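Coordinate inspection notes
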Amino acid sequence: RRVYIRLPLHWIVMRRKIIFLFLLIALFVACAPPATFTPQPPIAFTPPANYTPTIFDIDVESTASQERLSDSRPNIIVIMTDDQPFHTMAYMPTVITELIPNGVNFTNAFATTPLCCPSRVSILTGEYAHNHQVLTNRMPMGGALKFNDAITIATWMKDAGYRTAYYGKYLNDYEALEPSGYVPPGWDEWGVFLGKNLGENEDAGNLQYYSNFSMSENGAIIEYRGQKVNFGADVVTQKSVDFINSARNDPFFLFIGYYNPHSPYMAAPRHAETFRSGTGWDWFQYRPPNFNEEDIRDKPDYLNDISPLSLGELDAAHKRILRSLLSVDDGVASVLNALNKTGLKEKTIVVFFSDNGATIGDHRFGVSKNCVYEACVKIPFVVYAPAFFEARSEDRLIANIDLAPTFIDIAGGSIPESIDGLSLFPLFKNEPVTWREDILLEHWPTEEGVGSMIPEFYSARTMEWKYVEYVTGEKELYDLVNDPYELVNLAGKREYRDIENELVMRLKELKDE
């Protein structure tokens, strides 16, 4: 037998009010714009008081000739790291005490395709990957075999009367080119790593570029044995400063391509104990708001297949990356020392950057690249030339495709129509100039690793917004002003329909460029 209890009228009214209130709160949470995040404080790193960088020195018979100093063409030195997370630049002593305070620090620099080989070809050609068609690191879609190297920044700079040199890591799968030790057109001096019996997993990296490696030296294969006396970055540094010395009476274009801090994040033996407890090397845990992001219901499906690394694994990788970068920092200090000793400091422009960024736990990724998120696509980028450019911070959008036209412009050449990028020379000089409002980001699934899990995507990135389209039909839209850590996907929400439609059209235009 059922028993019915009649509730007082005011109880019923109160219950309905409570239900309505809960529904109202749920609606507000679902429709509210992303919260405004307080920017994380800058990393307050200071090296130990007794620390000095290791200098790889040169014996200089005489400084640069007066004829060279009278030549209007500046030398250009490119220093490129490999897979460097943007925030790790704050732990490089020479970079933070010399380059940044006396240079132009670009805070919105991007790799248009956040993967080694496509990005490097974009640097060499000034073209988006969809135009140069080197889409991944290996054949059939990418790698050195896919690249037509007949016309690059090397040939353009040589045509402008520059002596050219490349040292370090070149393109993925370079060892597949024939003849072995092949020297591409335009390079006068060539000292590039050769891999042997490389594994197929790009994410695992290659120990052979750190120790017990071989190099093509102007086409001849030279073996380097022993990590203590032949650490990869140090060999590259010594070759680079020796070139500065030998080329001091000519305008030169020097490209230094370090493998550091690419996985497996090896450090020079002299740096093995840095960033350990009690050593005086400060280290701060990397914990952005999107670190090992828990709620990914608004993210593309592929993120569900990525297993986050543990905090201990990520912290250990972070410290190893910082140790690996210290030999690059020694290289920067050695280059500056060589310029001083040859009398070329006021005749040289130094550009420091990375081929792409990397995550350290951002959005559940371990230590990885290829993704559309800021950690993958944003790169450190500093231009050091105190005699030419006033030191400052610059936030306009620049990209890897801008390097080739910039160097051609500085050398006094004509920028080819094939180039997609813009010359940064006016920005270096802080001239009033109309600048781009957006850039294109793009990715194709790689042959293995995390990159193979990420679907092909295209993205329009502006100063305030990022819009992404995947071939799966999934979309992302982020308000980078109020949500710089890309936590709340606004794609498909009614109140953001206008900006999304605008970015849909703009993305189509960028893909057609």
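Below: a short report on this structure. This structure is a prediction, so every number in the text was calculated from the model and none was measured. (Residues numbered from 1 in each chain as written. Predicted model: local features only at pLDDT ≥ 70, side-chain atom pairs only at ≥ 80, totals over all residues. Heavy atoms only, no water.)

**Digging into the sheet that holds strand 10 (residues 378–379)**
One key point about sheets: their strands pair by backbone hydrogen bonds, in either a parallel or an antiparallel sense. Read from one edge to the other, the open sheet built from three strands follows the order 10-3-13, with strand pairing classed as mixed. Only two strands of the sheet have a single partner each, and these edge strands are strand 10 and strand 13 (398–399). (Pairing = 2+ DSSP bridges. Helix = DSSP H or I, 4+ residues; strand = E, 2+ residues; numbered from the N terminus.)

**A few points about the packing of helix 7 (residues 232–246) against helix 8 (residues 311–342)**
Axis separation between helix 7 and helix 8 bottoms out at 9 Å; the angle between their running directions is 15°. Our classification of the angle between helix 7 and helix 8 gives roughly parallel. Seen from above, helix 7 lies across helix 8 with right-handed handedness. Contacts between helix 7 and helix 8 involve A233, D234, T237, V241, I244 and N245 from the former and S327, G331, S334, V335, A338, L339 and T342 from the latter. Taken together, the residues of the contact of helix 7 with helix 8 sort by class into six nonpolar, six polar and one charged. (Axes fitted to C-alpha atoms, helices over the stretch in contact; angles between N-to-C directions. Parallel < 35°, antiparallel > 145°, perpendicular 65-115°, else oblique. Left-handed = near helix turned anticlockwise from the far one by under 90°. Contact = heavy atoms within 4.5 Å. Nonpolar A, V, L, I, M, F, W, Y, C, P; charged D, E, K, R; others polar.)

**What to know about the state of the cysteines**
Here the structure, examined in full by the defined rule, presents one disulfide. Here C371 engages in a disulfide with C376; their sulfurs sit 2.1 Å apart. On the sign convention where negative is left-handed, the bridge of C371 and C376, at about 105° about the S-S bond, is right-handed. Its relative accessible area of 0% is what places C371 among the buried residues. Among the residues examined, C376 registers a relative accessible area of 0% and is labelled buried. No disulfide involves C117; its sulfur sits 8.2 Å from the nearest other cysteine sulfur, which is in C116. (Disulfide = S-S within 2.5 Å. Buried < 20%, exposed > 50% of the residue type's maximum accessible area, 1.4 Å probe, protein only.)

**Here's the deal with the pairing of strand 8 (residues 252–257)**
Along strand 8, six of the six residues are buried, which leaves the element largely enclosed by surrounding structure. Where burial is concerned, the two faces of strand 8 agree: the one with F252, L254 and I256 and the one with F253, F255 and G257 are both buried. As defined by bridge partners, strand 1 (residues 75–81) adjoins strand 8 across five bridges and the pair is classed as parallel. Paired with V78 across the bridge in strand 8 is F255.

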